[in-house]
Amino acid sequence: MTTATVSRELNALDRCDRCGAQAYVRVVLEASGGELLFCGHHARAVEATLKPLSSEWHDETSRLLEKDPVLVDD
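Residues numbered from 1 in each chain as written. Predicted model: local features only at pLDDT ≥ 70, side-chain atom pairs only at ≥ 80, totals over all residues. Heavy atoms only, no water.

Moving on: the sheet that holds strand S1 (residues 25–29). Strand order in the open sheet formed by three strands is S2-S1-S3, with antiparallel pairing between adjacent strands. The strands lining the two open edges of the sheet, one partner per strand, are strand S2 (35–38) and strand S3 (54–59). Averaged over neighbouring strand pairs, the angle between their axes works out to 15° when direction is ignored. Examined bridge by bridge, S1 and S3 share five bridges and lie antiparallel to one another. Directly across from Arg26, in S3, lies its bridge partner His58. Seen against the sheet, helix H1 (residues 40–50) touches S1, S2 and S3 and runs at an angle of roughly 135° to S2. (Pairing = 2+ DSSP bridges. Helix = DSSP H or I, 4+ residues; strand = E, 2+ residues; numbered from the N terminus. Axes fitted to C-alpha atoms, helices over the stretch in contact; angles between N-to-C directions. Contact = heavy atoms within 4.5 Å.)

Here you go:
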């Protein structure tokens, strides 16, 4: 049986499975199809171990460098 995964943007409700911080990386394990969510810090800590075992490594850590738009009153 094949399991299809639907990629979606992670949001503030997605939390790191290790520490509860906002998740920026989603990992789908190849063998089980299970999904793990990690903050940037914990994703880097487990990347070498989990990346070879994953069918998907969805990384949105670049969003951490984005600046919020500044609202200017006219």
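Having seen the structure, we can now continue with the description.
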